[in-house]
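Each chain is listed here by its residues.
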There are 2 protein chains.
Amino acid sequence: MEHYDYTQEEERILVTKRIEKMSKYIETEPTKKFFRRLQLMTVIDPSLGIRMLVNLGLFLNCIRGNGTDKQYEFWAKHKEAGKVKQMYGCFGMTELGHGSNVAGCETTATFDEETDSFIIDTPHIGATKWWIGGAAYSATHTVCYARLIVKGVDYGVKTFIVPLRDSLHNLLPGIAIGDIGAKMGRQGVDNGWIQFTEVKVPRFFMLQRWCKVDRRGNVTLPPLEQLSYISLLDGRVGMATDSYRIGARFTTIALRYAVGRRQFKSEGAKEETKLIDYPLHQRRLLPLLALTYVAAVGTYRLELQQSDLLANLDKALANKDKLLLKQSISGTKSLFVDSGSLKSTLTWLAADLVNECRQACGGHGYSAYNGFGKTINDWAVQCTWEGDNNVLAMSTGKTIIKTVQQILSGKKLKDSTLEFLNDAPALYKAKKAVIRKADHVDDIDRVLKAIASLIVKISVDLIPISNTSWDSIGPQRVILSKLRCHYYMLETFKEKLENQIGANSPLRPQLENIMKLYLVSNILSPFIDEFLKNGVISPAVAKYLTIEYPQTLCSEVRPYVIGLTDSFQQPDNFIHSLIGKYNGDIYSNYLGAIKDIHDPANHKAPYSEDLEAMLARPSLVARERHEKTAEVGSILSK
Amino acid sequence: MEHYDYTQEEERILVTKRIEKMSKYIETEPTKKFFRRLQLMTVIDPSLGIRMLVNLGLFLNCIRGNGTDKQYEFWAKHKEAGKVKQMYGCFGMTELGHGSNVAGCETTATFDEETDSFIIDTPHIGATKWWIGGAAYSATHTVCYARLIVKGVDYGVKTFIVPLRDSLHNLLPGIAIGDIGAKMGRQGVDNGWIQFTEVKVPRFFMLQRWCKVDRRGNVTLPPLEQLSYISLLDGRVGMATDSYRIGARFTTIALRYAVGRRQFKSEGAKEETKLIDYPLHQRRLLPLLALTYVAAVGTYRLELQQSDLLANLDKALANKDKLLLKQSISGTKSLFVDSGSLKSTLTWLAADLVNECRQACGGHGYSAYNGFGKTINDWAVQCTWEGDNNVLAMSTGKTIIKTVQQILSGKKLKDSTLEFLNDAPALYKAKKAVIRKADHVDDIDRVLKAIASLIVKISVDLIPISNTSWDSIGPQRVILSKLRCHYYMLETFKEKLENQIGANSPLRPQLENIMKLYLVSNILSPFIDEFLKNGVISPAVAKYLTIEYPQTLCSEVRPYVIGLTDSFQQPDNFIHSLIGKYNGDIYSNYLGAIKDIHDPANHKAPYSEDLEAMLARPSLVARERHEKTAEVGSILSK
């Protein structure tokens, strides 16, 4: 628990020790197992996660995606970056003046034919690399996103390996680096800024899988720009999964507290009421539990979708399998949409979830030792980095609108996760509301159809405006992206439920309730105005869907909350919260630990003297040396 | 800026120095001026605010509200608590097991007739006083909320002055105190826990304005319980005002950044587009600016309403003016509803506002030096303490429902801020939607009527359910409370605009746009499903109100954002954010300060050695002393 008292420096030291420990596992266990370990450790220590993933994820994925096989082999294996050894990479993309618009980066990499090298340079302060995780003190190398300039021609932003520190861990000539200092969270990460002053790197330090520069300065450009960005998707997929894990942790804490805590007595009752038995409390927390369940399954599908895609892409390239390559390119497009939509929607929802869970624990949610504060701070950046949520969601929304437009013009999607939009012509024409009666909402296929209809109707409305200005429909594009995420998750959960849980399983009714609670409270209720405005849901059932049915479902889920949260199987060191421990002995756990951390024997603070002096200060008149008294007045006025 | 790097201990020391400084002003300037100073200082340093207000606000207000005039005079004046001298009070209300339900507190104050004193005792750990601001190291006294027990009879929770530390600042016998330690925010406040073991205080340490115990143990109970809680309203009113001030600070930061920051070029453009010129960005920030303007005026009215009420109450009691007393009692009821509704609604909205502003500044919003992180952490507790928002809102909602019920049964309200509900019978019966055409929304009286209608219709729906269970309609009671807040604010802004800004003033159109943007984006849009479900707004205008008109208003407000934010007149030390400074030179301010705070000359971290050793570690085989090699295998297998 003392961890929650750590200063920035202590936290960074702790994270370093943990990296050191993890670096031993990566030498000895299978990659898949190691990355699952890292993912779980990230729940406990997000700073650890990011410091390792900057090297193993962003840095190496960038080399893998943009470098040749030999280049990847050299840096990852021969130089052992993949074992967190010899070198430590960071990811030099973002600049002070450019984050979302990577293509607008201003660092330059100018080809110098004479020495067969690139000169990396920061032309002005806006082009300073900024936020670079690990740069401040850890990294020995960076991949540097810089504008390729050859013979005066700007070929746009490409990637280069640039060494930052020598083998004695001292900065190399031409490299200026500083600590970016305190952040809202993730204090354990040493983010830094980097400026390059005419730093020369050999030509072969350019990552040249797709883009090449030869000895004479002839430039070969990539066949498809999007391929260079596929390596970025890894982080987005991971953040979607993180959202589920954080949800599992905090719904568990808040629900355990809600079951243990009593407050206010109802008339005639002997004991006070448990928080969880208040309908408002149920309405606040149980939909979040349902969301977490559905996200568990949805994000797992996304992980598989990504790993299958990468495997197929490798296979297709290796075997020159054109059909598989074509499918993989479709798959890439789907993954851009799905990961963008899930990353943005779920990291937002997870942020809200943790905040709501904190408030649901009242004052105790504000204690650092219950875990909320640190997570809120660490989490916040997930909505911003590796694709700002609004930018990602707008991009997803744009693809959806374009897709609907193409389908309405006769195109049919294949090998795409957006195939459900192939029904767009019929969905668009339908005049009758999809959900017209109360029991319609229990038919999951119908609910999926309702979401699809809404996506289509909103899109169709926007097509004419999009022809003149995509920007002006930004807010609606964000809504489309969220709806797409929910369609994906509901579709996945339904399918899993049908295929993996027997019709007679005792789990079935519980999981069905969870699914229904999810859909009424996380999809239909928050977007009810859109459903109504677009005639997809009849006004007659609106109240039932948004008020009555969610409450009914809550009261059906209520008796199972302990089982449903214990099922996440999180040990106490994952929960890492005094009021959320498995044994449920809230007050003893809490007071006991607080006494351990802050020995009550230390009852004077370092500032006690100042405080005591203030309280014991003489009167104002005395402090002014009695110079302003009437007596003095009579003397000085003479 | 270094402030943002402070550890908990450094922050507490800084706050102590500031308290010491402030204690000099309170000796020399008029009360009103001092409290305005403190309110403004609280924007810069919320921990300072709370540490001073625990003594000057909570502690002394409690004595003033619950003690006799002589008792107040003794502690506040003779003992100089009101000058932050001789003694320092804290507010011993909350317990480990009881926060919202004050009446459920379990600390006991048992009358001991023999010694004419009360014995204050903590019967079990759940009754430990918890979260007590200033208790850990600062306070010399507390007001202790404890159950009055006389001759075995429990008279419920009353208030007692209990000394905690002697004049040498050492703990008194029977007092156990500990530091509660790290919190999500407000690290500068030394919150503590307190346990009492048979602590004896003289009978006259009981606050006995309303409740008295005489020498023989005869108990006189207060005429009206609510009167004892009036002193709590001060904090709620203050938090409503804080919400406006925080809004002013952060909309200014985010809008200055949005005007200075460019990202992405539109086709054919020479420069990248300013963030503020993206419609989505306008839709995210300008409604928050409008909200802040309206909250400025609304919360100022609430402050006046409170100070008038207290003045009248004093006057009525002093002059035994029955009519004025009756009015004051009505006024008290109004203030309970209004402060509860504004405190909860506005602190929630302010939390969302700061979060949205942070996200709107992208990655730079995550830097501690831009102010968001600390404020988000410091602010969060405003939604929880001095009346948990959901509990307060439910309470307000309950009063509203009961009021509507009474009015429908023929009662007319007088001297109440809820008088607008006197039209309930007509509003309820009306079949036609109040807002049916686009231009209806420009008629503010009509919009007010729409809100009133919605409040009435929702209430009427709930009356039958409320007869059996208030709990089950918790969620809807919260909605009513929010609507009441917005009615109050809109009504106030409209009136101010009409009375204080001339029809031909050049300010008029700007402020009208602000008001309209506020109402469409903060009232009509978020509650559109309620307005539609209850037939108060016609579906035909829903899209116009929630999408088209807000965007039009945003683009009308857009050219004036710098003027509108500069008008808050916040100097840079209030803004306290590198990207939000008045000069607008974002990147130079930012990089320059970061370099000052973290000298790039210090390029090795304290943990560098560990890191270097890890990177330079020998191979696994070597580290395992070459014991697992095939060669060894052949030896050991023989």
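Residues numbered from 1 in each chain as written. Chains lettered and ligands numbered in written order. Predicted model: local features only at pLDDT ≥ 70, side-chain atom pairs only at ≥ 80, totals over all residues. Heavy atoms only, no water.

A few points about the overall build of chain A
From N to C terminus, chain A includes 21 helices and 11 strands. Based on the C-alpha atoms only, the size of chain A along its principal axes is roughly 95 × 70 × 65 Å. Pairs at least 24 residues apart make up 72% of the contacts formed inside chain A by residues separated by at least 6 positions. In the structure as shown, chain A presents an accessible area of about 25,000 Å², 53% of it carried by carbon and sulfur atoms. (Helix = DSSP H or I, 4+ residues; strand = E, 2+ residues; numbered from the N terminus. Contact = heavy atoms within 4.5 Å. Areas by Shrake-Rupley, 256 points an atom, 1.4 Å probe, with all protein chains shown as cover.)

Considerations on the sheet that holds strand β4 (residues 129–132) of chain B
Strand order across the open sheet formed by three strands is β4-β8-β7 (chain B), with antiparallel pairing between neighbours. Single-partner strands in this sheet number two, and they are β4 and β7 (175–179) of chain B. On average, adjacent strands in this sheet sit at an angle of 20 degrees to one another, irrespective of strand direction. Summarising the sheet, β4(B) and strand β8 (residues 192–196) of chain B pair through two bridges and their orientation is antiparallel. What sits directly across from B:Ile132, in β8(B), is B:Gly192. Taken strand by strand, helix α18 (residues 586–597) of chain A contacts β4, β7 and β8 of chain B, and its axis lies near 110 degrees from that of β8(B). (Pairing = 2+ DSSP bridges. Axes fitted to C-alpha atoms, helices over the stretch in contact; angles between N-to-C directions.)

Looking at the packing of aromatic side chains
Here a ring pair, both rings aromatic, is described through the centre-centre distance and the interplanar angle of the planes. Counting across every chain of the model gives 30 aromatic pairs over all chains. Taking the centre distance of 5.1 Å and the plane angle of 45 degrees together, the rings of A:Tyr293 and A:Phe568 count as tilted. Pair noted here: A:Tyr293 is in helix α6 (residues 279–319) and A:Phe568 is in the loop between α16 (561–566) and α17 (572–575), with a separation of 275 residues, a long-range link. Residues A:Tyr293 and A:Phe568 agree in their burial class; the two are buried. For the ring pair B:Phe91 and B:Tyr145, a centre distance of 5.3 Å and an interplane angle of 75 degrees mean the geometry is edge-to-face. (Phe/Tyr/Trp six-rings, centres within 6.5 Å; stacked < 30°, edge-to-face > 60°. Buried < 20%, exposed > 50% of the residue type's maximum accessible area, 1.4 Å probe, protein only.)

Things to note about the domain arrangement of chain A
The domain architecture assigned to chain A consists of domain 1 (2–83), domain 2 (90–230), domain 3 (232–566) and domain 4 (607–633). Computed from C-alpha coordinates alone, the two centres of domain 1 of chain A and domain 4 of chain A are separated by 60 Å. (Domains from an automatic or database assignment.)

Topic: the environment of A:Ser416
All names here are of chain A. Tracing the backbone through its elements, the reader meets Ser 416 in the loop between α9 (389–408) and α10 (424–429). Since its relative accessible area comes to 17%, Ser 416 is described here as buried. Considering only alpha carbons, one finds Ser 416 and Ser 328, 88 residues apart in sequence, at a separation of 9.9 Å. Side-chain polar atoms of Ser 416 contact the backbone nitrogen of Leu 418, separated by 2.9 Å. (Polar contact = N/O pair within 3.5 Å; in protein donor to acceptor, adjacent residues only side chain to side chain.)

Comments concerning the side chain of A:Ser481
Residues and elements named next belong to chain A. Along the chain, the position of Ser 481 falls in helix α12 (residues 474–500). Judged by relative accessible area, which is 0%, Ser 481 ranks as buried. Not counting the four nearest positions on each side in its chain, Ser 481 is found in contact with Ser 341, Ser 344, Thr 345, Ala 393, Thr 396, Gly 397 and Ile 400.

Quick look at the relation of the copies chain B and chain A
In the superposition of chain B on chain A (RMSD 0.0 Å, axial shift 0.0 Å), the rotation amounts to 180 degrees. The symmetry that links the two subunits is that of a two-fold axis. Taking C-alpha positions as reference, the residue of chain B nearest the rotation axis is B:Asp529, located at 2.6 Å. Take the interface residues of chain B: 100% of them recur as interface residues in chain A, which is what a same-surface contact looks like. (Least-squares fit on C-alpha atoms with pLDDT ≥ 70 in both.)

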